[in-house]
Each structure stands twice: as C-alpha cells, then as structure tokens.
Amino acid sequence: MKDRLDTMKTLPDSPDAKGRNNPLLVPNGTEVHKHLNFGEFKKLDSSEESLPASPTASIEPVHLKKRLGLMGGIALIVGTMIGSGIFISPKGVLAGSGSVGLSLIIWVGCGIISLCGALVYAELGTIITKSGAEYAYLMEAGKSLPNQLAPVPAFLFAWVSVFILKPALFGVIALSFGVYAVEPFFGDCEVPDILVKLIAILCMCIVAFVNCYSVKLANKVQIVFTVAKLMAIALIVIGGAVKLAQGDGFEYLSEGFEDTSHDLSSIALAFYDGLWAYDGWNNLNYATEELQNPFVNLPRSIMIGIPLVTICYLLTNISYLTVMSKETLLQSPAVAATWGAQVLGSFSFIIPLVVTLSTFGAANGSCFSGCRLMYVAARERHMPEVLSYVHIKNYTPLPSVVFSTLMAILLIIPGNIFSLIDIFSFTAWLFYGATMACVLVLRRTRPNEPRPYRVPTVIPIMMLFFSTYLVLAPIINNPRIEFLYAALFVLSGMVFYVPFIAYRLQLTFLNPLVTFIQKALQVAPSAYLPPE
C-alpha cells in the first residue's frame, strides 16, 4: 500500500485565511505547514493525481484533539502528584521539622504553596492556551525582550527539561515501579539491580505504547490508576481512624511540638522535601490544548485536585503516626510497609501492590506531560521539528513520546539518575520563579488581554520570592561543585541556540532520516488550534 506521506500535494501559491502561503495536504484533507527545519515533503509532479476542486472546504488541521475533560484533568494532577513518595518515605519532612506537630503543618503548608503556584499557572493557562506550561508562558512573556533574546528563557527551559529533568523523573518513577514489582518475590534477599532496570524499561515501554496509541486510552489509564491509589490512601486513612477510635493511636500524636527544630535551614529543607512530594501540580498546563473548555476546567481541576492531594497527604501522615513513633518512622525504609505490617497483618502484601499501581499511574502522567513539552518546543522549532509531528490517524505526538522514552531509558542504564535529579532540582524552581514573573510581565505588556481567571497579585509576588529562596537555599546550605556543573549545562544550551535558533542553520543532510521517520511512524506536521 502506498504510504500516505508519499501522496502529499500542494495548494496554489496564495495565502490562506491565516496568511500562510502554500500549505500542504495529506490525502484525508489534513492541512500541514510546508516550512520544515529538517527537510520538506515531496511535491508531486503534474502526472500524479490532482486535488479535488475547492480542497479548502474540507481541510482540517492536524492537531492534538481535545479529549481531556474535568475528570481527566483532575486525574492527571492527582495521579502524577501522588507517586511512590507518600508510601515509601515521608521522613524528610519529619527529620527537618523535628516534631510531629510542625511536620503536619509543613505538609499542609506545602499543599498551600503548590496550590498558589498552580493558581498562578491557571491564570497563565487561560491567557495562553498553548500546551507546554512554563515553556509556552516564557515564550509569550519573552516577547518583551529584544528580538534575539526573546526566546532564550523558553529555549533554556526546554533544553534542560527535555534532555534531563523530564526523562529523569520518568525514569525514577519507573525504577520505583521495578523495585516494588519484584521485591515481593525476593523476600529478604537483595533484588538484582539489572532485573529492576529491565522491569523499569518494560514499564516505560508499556506507558509509551499507551500514549502513542491513543490519548483517550492514556486518559482512561490515568483515571483508573488514580482511583486505585486514592482507594489505597483511603485504606491507610481508615486504618488510622480505626486505631484512633479504639483509643490506641494518640500516644505518638500527642507529642505535638515536642523537639521542634529551631534551625531555619533545617526547616527549609523540610519544605523542600515536602514540595518534592507535591511535584506535578503544574502537569495539566502541559496539555492545555487537549483540555476541553480550558477556561473553566483548568482552574477547576487545580482547585479540586491539589486540595484533594493535600488532604490525602495530611491524613496519611496522621495514620502513620497512630501506629509508629517518629523515631520508628525515621528509621523505616518504607513507611507504608511498616504501617501495613502492624495494621494489616497477613494482608500487608497489599502495600507493595498499592505502590506498584501508584507508580505506574505516576509514570503514565509523567510521560504524558513530558512529551507535550517536547512536542510544543519542537513545534516552535526549538527542537528538531519532527518531534512535533502527530500521528495522522490517532492524533498522538508519537515521535516525542518515543524520543522521551528513549531518553529516559538511556538515563537509567548508568545508574546515576538519582544524583542527576538532586543536582538539577534547583533549576526547576529557577524556571518556576521565572514563570511566576511572567504573570506580572504580561499584566504590564498585555493589560487589556481577557483573563477568564485572575489570581490576586500578591500570590505571584509571594511565589516569586519563595522560588528564589528555594533556588538559593540548597546552594548556600550545602554548596557543591555539582551545582556549577548543572548551571553550566543549562548555559551550554546557548551553543545550540545561536546557530540553530538565532541563525536558523538547517541540517539538510538529515532530510532522508526525517522522511524515513515520517513514513515509518505515519506522522505529519501539526498546527496549533486556539480554543473557541
């Protein structure tokens, strides 16, 4: 069967309604852009089949379909935020705070901070309805800079996120899945590292297949696994409530603020650990283009999802402290497993199963959001444009999903992925802070822009200062040469920015590879479709 991508034809050389010249068509009437960084589609000669009359009557741009509703948006936020951390080791917050009372306050405080940050993103997401979260917002706010510098903040964010942060997070979640999937079969024996990595790679490949095959399927998987992990948390919360009802759970909770730390640096690190558990609060903004009625469902999903996670984290920690002292909790390698052994008895095998399901759902959400960032950056030609192509039947960003998965696999093979995340975590808050500033910039440069949702001005200002603090805190508290390496990696993006973005250098020798990818994956260039 002749490939669809071999039968593309061109319209007459006249502007369409949006002012683009000479767009391309695929046989099913799909419009794509002609300009490509790494090669152009083949033009057919006059001997080949001509287009039907008035082809523009049935033209529909290739774009990601709006298949995420309110439930899907909530599931993406909750399912990505709740991973393995709350089940394995919430002891970082307790160690930094020093007391039961302050640790619970920090868990709530981290939830409030995450909610404030997400509400800032809600305003940005309803003004700028493109997917890509920080990348899209930095691109728009950067237009206030000189022309050559305008795309730099967004490009550097994409540079460090696409090649390090997003695939590394995907890999870490998959490794957690691997550990808890095989651990029950080894009892007290050490789990072979190679086996864990093989299971992690299998997990990533399954998640990638789901995201390549169908957005609807990925959405359903996210909803199912989010419900499963909420049921697991409900089990832990109910177990703690039963202990309290029996009068057996007040001993450790009654310690209150005893031994509270007065070291501000230590408390700051406790917040840092807590915010790590809440990471993912911005994931829905990576898929705004696929969200139905984003002006309503984006802020609504945030206002439901993040408070729900905050309540879950608070009640789960209270349940842990009904059966174990803070000393026991700090010594436990897996807090939920220790809780299960004391409360569930012979049914404690449920806990590893719960963590496995939770990490798979989080891996699905991480892959979904990570590849959307890559897709949008490539569509803006800040990455190889082939990564922005969409499958012509399934309407999924297939090349970006495949590339993101390959990057994650490459990062977990050496075994130093955890140190990568530790080193680069501060860069995430650097760009979070820059994104908070985008709200203030856009209010000044685009004051008359319709804002379906407007966050109080004090919130982005507060989040900007807080982000700055979180960037500087780990460097001041524990300065390491690795932080310099991370900063140099971020700046090294300029080595690629100058020739390929500023001067638009094109690698024409890659044309055959791009053509092969298009034919093999059946993908075509995509267009941004603004919401109605």
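Residues numbered from 1 in each chain as written. Predicted model: local features only at pLDDT ≥ 70, side-chain atom pairs only at ≥ 80, totals over all residues. Heavy atoms only, no water.

A. Fine view of unusual backbone geometry. If you check the backbone angles, alanine 133 has positive phi at about 50 degrees while not being a glycine. The topology assignment puts alanine 133 in the loop between helix 4 (100-127) and helix 5 (134-141). Taking relative accessible area as the criterion, alanine 133 reaches 0% and is therefore assigned buried. One non-glycine residue, asparagine 293, adopts positive backbone phi at about 45 degrees. Counting through the fold element by element, asparagine 293 comes out in the loop between helix 10 (264-277) and helix 11 (294-323). With relative accessibility at 42%, the residue asparagine 293 sits in the partly exposed group. (Helix = DSSP H or I, 4+ residues; strand = E, 2+ residues; numbered from the N terminus. Buried < 20%, exposed > 50% of the residue type's maximum accessible area, 1.4 Å probe, protein only.)

B. Region of interest: the confidence of the model for the protein. Per-residue confidence for the protein gives a mean pLDDT of 81; residues scoring 70 or more make up 86%. Within the model, pLDDT remains below 50 along residues 1-59, and this stretch shows 110 contacts once partners closer than five positions in the same chain are excluded. (pLDDT = per-residue confidence, 0-100. Contact = heavy atoms within 4.5 Å.)

C. Quick peek at helix 14 (residues 350-379). Taking 1.5 Å as the rise per residue, helix 14 with 30 residues should run 44 Å; its terminal C-alpha atoms sit 44 Å apart, in good agreement. Taking burial as the measure, the 30 residues of helix 14 include 27 buried ones, the bulk of the element. Looking one or two residues beyond helix 14, the residue adopting positive phi is arginine 381, at roughly 65 degrees. (Expected span 1.5 Å × (residues − 1).)

D. Quick look at the packing of helix 8 (residues 215-245) against helix 11. Where helix 8 contacts helix 11, the two axes come as close as 8 Å, and the packing angle between them is 45 degrees. Compared by their axis directions, helix 8 and helix 11 come out oblique. For the crossing formed where helix 8 meets helix 11, the hand is left-handed. Taking contact as the criterion, the partners of Leu230, Ile233, Ile236, Val237, Gly239, Gly240, Lys243 and Leu244 in helix 8 are, on helix 11, Leu308, Cys312, Leu315, Thr316, Ser319, Tyr320, Thr322 and Val323. Here the residues of the contact of helix 8 with helix 11 sort into 10 nonpolar, five polar and one charged. (Axes fitted to C-alpha atoms, helices over the stretch in contact; angles between N-to-C directions. Parallel < 35°, antiparallel > 145°, perpendicular 65-115°, else oblique. Left-handed = near helix turned anticlockwise from the far one by under 90°. Nonpolar A, V, L, I, M, F, W, Y, C, P; charged D, E, K, R; others polar.)

E. How the structure looks around a nonpolar patch on the surface. Together, Ile481, Leu484, Tyr485, Leu488 and Leu491 make up an exposed nonpolar region whose accessible area comes to about 510 Å². Position of isoleucine 481 among the secondary structure elements: in helix 18 (residues 481-502). Taking the relative accessible area as the measure of exposure, isoleucine 481 reaches 45% and is therefore partly exposed. (Patch = residues over 30% accessible without salt bridge, like charges linked within 9 Å, V, L, I, M, F, W, Y side chains within 5 Å. Areas by Shrake-Rupley, 256 points an atom, 1.4 Å probe, with all protein chains shown as cover. Salt bridge = Lys/Arg side-chain N within 4 Å of Asp/Glu carboxyl O.)

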